[in-house]
Amino acid sequence: MADNKKKPTLPPGMGAAKKPTLPPGMGGAKKPTLPPGAKKPTLPPGAAGGDGSSALTRADFASDQDVRWCPGCGDYAILATVQRLMPELGVPRENTVFISGIGCSSRFPYYMNTYGMHSIHGRAPTIASGLKASRPELDVWIVTGDGDGLSIGGNHLIHIMRRNLNVQMILFNNQIYGLTKGQYSPTSEVGKVTKSTPFGSIDHPFNPSAVVLGADASFVARTMDRDPKHMKEMFERAHAHHGTGFVEVYQNCNIFNDGAFFQYTEKDSRPDRALYVEHGKPLTYADGKKGIRLDGFRLVSVDLESGQWSADDCLVYDETSRELATIISRVYWNPELPQPFGVFYREDRPTYEDQLHAQVQAVVKRAGKGSLNDLLTEGDTWEVH
Ligand SMILES: Cc1ncc(C[n+]2csc(CCOP(=O)(O)OP(=O)(O)O)c2C)c(N)n1
Ligand code: SF4
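Note that the structure is a prediction, hence the values are computed from the model and not measured.

*Asks:* How should I be thinking about the sheet that holds strand 6 (residues 245-250) in this particular structure?
*Replies:* Strand pairing in a sheet is mediated by backbone hydrogen bonds. Such pairs are either parallel or antiparallel. Pairing in this open sheet of eight strands is mixed, and the strands run 2-1-3-4-6-5-11-7 from one edge to the other. Looking at which strands have only one partner, the edges of the open sheet turn out to be strand 2 (115-118) and strand 7 (274-277). Ignoring strand direction, the axes of neighbouring strands in this sheet form an average angle of 20 degrees. Docked against the sheet, helix 1 (residues 75-89) engages strand 1 (96-100), strand 3 (139-145), strand 4 (168-173) and strand 6, running at close to 160 degrees with respect to strand 4. On the sheet, helix 7 (residues 228-240) packs against strand 3, strand 4, strand 5 (219-224), strand 6, strand 7 and strand 11 (339-346) and is oriented at approximately 165 degrees with respect to strand 5.

*Asks:* Any chance you could explain the site of ligand 1 here in plain terms?
*Replies:* Taken together, 16 residues surround ligand 1, and among them Cys104, Ser105, Gly147, Asp148 and Gly178 come closest. In this structure, an oxygen atom belonging to ligand 1 sits 2.8 Å away from a main-chain N or O atom of Cys104. Ser105 places a polar side-chain atom, nitrogen or oxygen, 2.8 Å from an oxygen atom of ligand 1. Its free accessible area being 580 Å², ligand 1 has 73% of it covered by the protein chains. Sort the elements by how many residues they give to the shell around ligand 1 and helix 4 (residues 146-152) lands first, with four residues.

*Asks:* Explanation requested: the site of ligand 2 in the structure shown.
*Replies:* Near ligand 2 lie 13 residues; those nearest to it are Cys70, Cys73, Cys104, Cys253 and Asn254. Across the shell around ligand 2, the residue classes break down as nine nonpolar, four polar and no charged.

*Asks:* Just checking my understanding: could you explain unusual backbone geometry for this structure?
*Replies:* Residues other than glycine predominantly adopt negative phi, and peptide bonds predominantly adopt the trans conformation. Positive phi is not limited to glycine here, since Gln175 has a value of about 55 degrees. Located in the positive-phi region is Asp287, a residue other than glycine, with phi close to 55 degrees. With respect to the helices and strands, Asp287 occurs in the loop between strand 8 (284-285) and strand 9 (290-295). Assessed through its relative accessible area of 67%, Asp287 is described here as exposed.

*Asks:* Just checking my understanding: could you explain the sheet that holds strand 9 for this structure?
*Replies:* One open sheet accounts for three strands, arranged 8-9-10; its pairing is antiparallel. Taken across any chain shown, the strands that pair with only one partner, and hence form the sheet edges, are strand 8 and strand 10 (298-303). Strand direction decides the pairing type here: strand 9 and strand 10, joined by six bridges, are antiparallel. By the bridge assignment for strand 10, Lys290 is matched with Asp303.

*Asks:* Mind showing me how you'd approach the nonpolar core here?
*Replies:* Soluble globular proteins tend to pack their nonpolar side chains together in the buried interior. In this structure, Leu157, Met161, Val220, Leu283, Leu299, Tyr317 and Ile328 are the most contacted members of the largest nonpolar core, which totals 39 residues. No other element matches helix 10 (residues 322-329), which puts four residues into this core. When neighbours within four sequence positions are excluded, Met161 is seen to be in contact with Met169, Val212, Ala215, Asp216, Ala217, Thr244, Phe246 and Arg349. Within the second largest apolar cluster, 30 residues are counted, among which are Val143, Ile170, Ala221 and Met231.

*Asks:* Help me understand the pattern of salt bridges in this model?
*Replies:* Between side chains of opposite charge, pairing is possible as soon as their charged atoms come close. As enumerated under the stated definition, the model contains 14 salt bridges in all. In this structure, Glu88 and Lys232 form a salt bridge, with 2.9 Å as the shortest nitrogen-oxygen distance. Here Lys232 lies in helix 7 and Glu88 lies in helix 1, a separation of 144 residues in the sequence. A salt bridge links Arg322 to Asp216, with the nearest nitrogen and oxygen atoms 3.3 Å apart. Linking Arg322 in helix 10 with Asp216 in the loop between helix 6 (208-214) and strand 5, this pair joins segments that are 106 residues apart in sequence. The exposure class assigned to Arg322 is partly exposed, which follows from its relative accessible area of 23%. Several salt bridges share partner residues, and in doing so they unite Asp216, Arg322, Glu347 and Arg349 into one network.

Conventions used here
- Residues numbered from 1 in each chain as written.
- Chains lettered and ligands numbered in written order.
- Predicted model: local features only at pLDDT ≥ 70, side-chain atom pairs only at ≥ 80, totals over all residues.
- Heavy atoms only, no water.
- Pairing = 2+ DSSP bridges.
- Helix = DSSP H or I, 4+ residues; strand = E, 2+ residues; numbered from the N terminus.
- Axes fitted to C-alpha atoms, helices over the stretch in contact; angles between N-to-C directions.
- Contact = heavy atoms within 4.5 Å.
- Near = heavy atom within 4 Å.
- Polar contact = N/O pair within 3.5 Å; in protein donor to acceptor, adjacent residues only side chain to side chain.
- Areas by Shrake-Rupley, 256 points an atom, 1.4 Å probe, with all protein chains shown as cover.
- Nonpolar A, V, L, I, M, F, W, Y, C, P; charged D, E, K, R; others polar.
- Buried < 20%, exposed > 50% of the residue type's maximum accessible area, 1.4 Å probe, protein only.
- Core = buried A, V, L, I, M, F, W, Y, C linked by side-chain atoms within 4.5 Å.
- Salt bridge = Lys/Arg side-chain N within 4 Å of Asp/Glu carboxyl O.

Purely spatial values, then, with no claim about function.
See the structure below:
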């Protein structure tokens, strides 16, 4: 907090002890039982037909839990966008799971009327990996923060990327630890003054998209809380991708890091400071007045009104190019250029669970079903006296 006059609205969980609210489906509600003789419904609840269309609405995906984020937090926009998207995906609620770690952002599963798990700090990718490997028919979403996903959970995050499970991960990047009241995070900028860096951070920050690209992520996108239309499109694209769909969201924490991304997200500065990257289109911004050219391996901004350059001279983006994805993600370090948003990279490669189940089937076909007991007692065993 810059001034001490205003009493801050506390992040969830930091106020006076309240009775904890339970995630959807975990309360006192009883499991419905069918009346004697009644047949099980053949269609999943809420599905209108077998064509993938859904009779559900956004409201059906909102749980009955009070949303306990600070008023004005960017998390609300992300929640609303996901709830708006859900009915369009046509996935039954009982097949949808949101798994999070710990943090303000990680309260997300409470607010979704789906299955969910507010799990262990940094371990959402791990739990999601186990669930997806054993129940591949489920639609699994991971929600994490820059602290949860890149500090304590950094290791877990990179391994799910290389394994490529077919899940979606939304990383709420607010460049701060919100829940614990404003300590610097692995994405905080050098010089950031926080409670844990009173003289300014000297840590070189992580750039999340470069981290996951380095871990061979098969889908990498960036969006912002202040552009719900773009955010929805990115979530939809990540969901459509067969593999780990990683979406970083620039999210405003108005209590502990207000305005961290305003130059990119606010209406007056956004045209000059944000670059929307689209597959097959030339990179232009500032309402078409400026463009981006590739000069060797460097991106440079050019004035499209000078008469010297036109949109035809600008780099046409190809989201299937790892080289371009690497170059575009590095713009993060260049304050001269507008910050890119959009799908940076997409690659089709086998998912972990597809390979796992194919392998299990092949071995069972060759060697038979086997017995767990035999497995545990075969080979080198010892008797301990
Ligand atoms: C094992 C463990 N270590 C540390 C903490 C304290 N802690 C809770 S949330 C958090 C960081 C949250 O930051 P972020 O993921 O950015 O989430 P935000 O609250 O900003 O949404 C930390 C360090 C904890 N709960 N458990
Ligand atoms: S991220 Fe910041 S604004 Fe949002 S709930 Fe947490 S502390 Fe409050």
